[in-house]
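Residues per chain are reported as follows:
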Amino acid sequence: MSEMTLYGYWRSSAAYRVRIALNLKQLNYQQRSVHLVNEGGEQHQASFKSLNPSELVPVLVDGEMQLNQSLTIIDYLDEQYPGARLVPEMGMQRYLIRSLAQDIAIDIHPLNNLRVLQYLSGQFDLQAEHKARWYKHWIEQGFASLETKLQGCRGRYCVGDEVSLVDVCLVPQVYNAERFNVDLSSYPIIQEVTAALRALPAFQNAAPENQPDAE
C-alpha cells in the first residue's frame, strides 16, 4: 500500500486533528505544506483547488481515496485501519463522543478559523483588539458548556480513560485559545485533560511547533 499524503498547514486546527489521529493509529504518511498566508494563501492556487475546491485544509490522499473534512478523514482512518478506535463501533459512548467532538469542531472552531478572522479584518475593518474580543467570546462560550458536559464523563481523558475523538479535537482548540491569550483558568477539567494528552507521544509529535513547515 502506498504511503498516505496529508495536505495541511502546521497551525491549522483541522490538520492538527488529523496528524494526531494518524499518529495514534501509527500510520506512515508524508506531509505536503499548504501555506495559508503566503502569496495570498496557497490554498487558493489552482494546484490545490484541484484537490479541494473548497480551498481548505486538510486533504488526505490514500491511494485512490481523496478526502477533505477532518472528522470524515478520521472516520475513514478509524474504519479502514487497525489500532485503538477513536470512536467505538457500538454502544452509547459512540454517540456521546461524536456529540462532544462536534461541539468543538462544528460549534466552536468555525467561528474563529483563519478565513473568518480574515473576513472580519478585510470586510469590516475590524481592529486587532476587536478581533481578539470576537475570538475570546466564542471560545469562552464554547469552553464553558464543554467544561460542564465533561463533568459527567471525564476520566483521565475527555470520556473515560481511553483517548477518543473528543481529545483529538480538544487539544488543537486549546492550542488556538492559548495563541489568543484566552484565560483558561475557569476550565480546570479542560486544562487537566489537555495536560494529560500533551504528555502522549502521538500528541507531542503532532504539535504545530514540531512540524516541518513550522515558522
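Owing to the predicted nature of the structure, the values given are computational and were not obtained by experimental measurement.

As a further point, take the sheet that holds strand β1 (residues 4-8). Sheet architecture is open: four strands sit in the order β2-β1-β3-β4, paired in mixed fashion. Looking at strand neighbours, the two that pair on one side only are β2 (29-33) and β4 (65-68), the edges of this open sheet. Put simply, the sheet's adjacent strands are angled 20° from each other on average, direction ignored. Pairing analysis gives five bridges linking β1 to β2, with the strands arranged parallel. Residue T5 lies in a different strand from β2, and its bridge partner there is Q30. Set on the sheet, helix α1 (residues 13-24) makes contact with β1 and β2; between it and β1 the angle comes to about 155°. Helix α3 (residues 70-80) contacts β1, β3 (59-62) and β4 of the sheet and is inclined by roughly 140° relative to β4.

Time to look at the UniProt feature "domain: GST C-terminal" (unreviewed entry) in the chain. In this structure's numbering, the residues bearing the UniProt feature "domain: GST C-terminal" (unreviewed entry) are residues 90-215. The span residues 90-215 is 66% helix and 0% strand, and its two end C-alpha atoms sit 41 Å from each other.

Take the nonpolar core next. If you look at the biggest cluster of nonpolar residues, it comprises 69 residues, and the most contacted ones within it are L77, F143 and L165. Looking at this core, the element that brings in the most residues is helix α7 (residues 165-179), giving nine residues. Two domains share this core, each providing at least three of its residues, namely domain 1 (5-85) and domain 2 (92-203). For L165, the residues in contact, after removing those within four places along its chain, are L71, I74, L86, V87, I97 and A101.

Relative to the assigned elements, Q173 resides in helix α7. Among residues more than four places away in sequence, those in contact with Q173 are I104, I108, H109, N112, Y135, I139 and F143.

Attention shifts here to the packing of aromatic side chains. Any pair of aromatic rings gets described here by the distance separating the centres and the angle formed by the planes. One pass over the full model with this rule turns up eight aromatic pairs. Centroid distance Y16 to Y175: 6.0 Å. Interplanar angle 85°. Geometry classified as edge-to-face. Here the residue Y16 occupies a position in helix α1, and Y175 occupies one in helix α7, the gap between them amounting to 159 residues. Considering the side-chain rings of W134 and W138, the 5.8 Å spacing of their centres and the 70° angle between planes classify their relative orientation as edge-to-face. Note that W134 and W138 are positioned in helix α6 (residues 128-150) at a spacing of four residues, about one turn of the helix. For W138, a relative accessible area of 23% translates into the label partly exposed.

Remark: helix α4 (residues 92-108) packs on α6, axes separated minimally by 11 Å, with the N-to-C direction vectors making an angle of 175°. On the basis of their axis angle, the class for α4 and α6 is roughly antiparallel. Residue-level inspection shows L100, D103, I104 and I108 of α4 in contact with α6, the latter providing W138, I139, G142, F143, L146, K149 and L150.

About the criteria used
Residues numbered from 1 in each chain as written. Predicted model: local features only at pLDDT ≥ 70, side-chain atom pairs only at ≥ 80, totals over all residues. Heavy atoms only, no water. Pairing = 2+ DSSP bridges. Helix = DSSP H or I, 4+ residues; strand = E, 2+ residues; numbered from the N terminus. Axes fitted to C-alpha atoms, helices over the stretch in contact; angles between N-to-C directions. Contact = heavy atoms within 4.5 Å. UniProt positions renumbered as here; feature names shortened; annotations may be inferred. Core = buried A, V, L, I, M, F, W, Y, C linked by side-chain atoms within 4.5 Å. Buried < 20%, exposed > 50% of the residue type's maximum accessible area, 1.4 Å probe, protein only. Domains from an automatic or database assignment. Phe/Tyr/Trp six-rings, centres within 6.5 Å; stacked < 30°, edge-to-face > 60°. Parallel < 35°, antiparallel > 145°, perpendicular 65-115°, else oblique.

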